[in-house]
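# Descriptive analysis of the structure
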Amino acid sequence: MAIDKLRRFVGDIATLVDSGVNEAGLLEQGAHALRELIRVDDWLPDAYVQPSVERYQQFLLYADARERFSVVSFVWGPGQRTPIHDHTVWGLIGVLRGAEFAAPYARNGDGTLRQTGAEVRLEAGHVEAVSPGIGDIHRVRNAYDDRTSISIHVYGANIGAVRRSTYSPDGPPKPFISGYSNHTLPNLWDLGKEQHH
Ligand SMILES: [Fe+2]
């Protein structure tokens, strides 16, 4: 049962959060755990890999009972992209399938936005970090116009319920709460069944 990889991962993140390590340590050790999770693409159930022609999908895979972290599968249909947006909490982004482009932004003193670096191409297996401390505003898009890409994200909150903002290059921030695309979550806990395999 490949889903045990996801269970082990959320256990590792819970242990890390429990340890009280500072954010730099959390991002470093969390990135290590996420790289291990996305090294092999055999554990994500089919229900959480389905693109929609309407918009990119955000499937919640796990939420900590105290909302200290959440794990989300982002499914990008061909050419789909986010608006420029922030997170307000730490986050780790790991590409499981395909590739994506991420462009970093920051706010100027007067509230306007500037792009702070070149758009980066993230290939499968690669992990990137965001946080208010190191920069948490970006725009992300599928690197492909002809196929789906999937990335696995971990955030330091129940991200679908967090009040955050999208940005246009000139206008004021627009409040948004992303929500999730799914109503049911993968079952990580059927341990008896796993022991029979
Ligand atoms: Fe993001």
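Presented here is a report on the structure given in the accompanying data block. (Residues numbered from 1 in each chain as written. Predicted model: local features only at pLDDT ≥ 70, side-chain atom pairs only at ≥ 80, totals over all residues. Heavy atoms only, no water.)

Core analysis: the largest hydrophobic core is formed by 33 residues, its most contacted members being Leu6, Phe9, Leu34, Leu44, Phe69, Val71 and Ile152. When residues of this core are traced back to their parent elements, those giving at least two are helix H1 (4-18), helix H2 (23-38), strand E1 (57-63), strand E2 (70-76), strand E4 (91-97) and strand E10 (149-155). Leu60, Val72, Val89 and Ala102 belong to the second-largest nonpolar core, a separate cluster that totals 14 residues. (Core = buried A, V, L, I, M, F, W, Y, C linked by side-chain atoms within 4.5 Å. Buried < 20%, exposed > 50% of the residue type's maximum accessible area, 1.4 Å probe, protein only. Helix = DSSP H or I, 4+ residues; strand = E, 2+ residues; numbered from the N terminus.)

What follows covers the pattern of salt bridges. All chains considered together, the criterion is met by nine salt bridges. For aspartate 41, the salt bridge is made with arginine 97, and the minimal N-O distance between the two is 2.7 Å. Of this pair, aspartate 41 sits in the loop between H2 and E1 while arginine 97 sits in strand E4; the two residues are 56 residues apart in sequence, bridging distant segments of the chain. On the basis of relative accessible area, arginine 97 is assigned to the partly exposed category, the value being 31%. The partner of arginine 68 in a salt bridge is aspartate 64, with the nearest N and O atoms 2.9 Å apart. (Salt bridge = Lys/Arg side-chain N within 4 Å of Asp/Glu carboxyl O.)

Turning our eyes to something else, we now look at unusual backbone geometry. Although it is not a glycine, glutamate 67 adopts a positive phi angle of roughly 55 degrees. Relative to the elements of secondary structure, glutamate 67 occurs in the loop between E1 and E2. We note that threonine 88 has phi near 70 degrees; this positive angle belongs to a residue other than glycine. With respect to the helices and strands, the residue threonine 88 is situated in the loop between strand E3 (84-85) and E4.

Read from one edge to the other, the open sheet built from five strands follows the order E1-E2-E10-E4-E8, with strand pairing classed as antiparallel. Lying at the two open borders of the sheet, with one neighbouring strand each, are E1 and strand E8 (127-130). Strand-to-strand, the axes of this sheet are offset by a mean angle of 20 degrees, without reference to chain direction. Pairing geometry for E4 and E10, over six bridges, is antiparallel. Counted as the bridge partner of valine 95 is serine 151 from E10. Sheet strands in contact with H1 are E1, E2 and E10, and its direction is about 130 degrees off that of E2. Each of E4, E8 and E10 touches H2; the most contacted strand, E4, lies at about 15 degrees to it. (Pairing = 2+ DSSP bridges. Axes fitted to C-alpha atoms, helices over the stretch in contact; angles between N-to-C directions. Contact = heavy atoms within 4.5 Å.)

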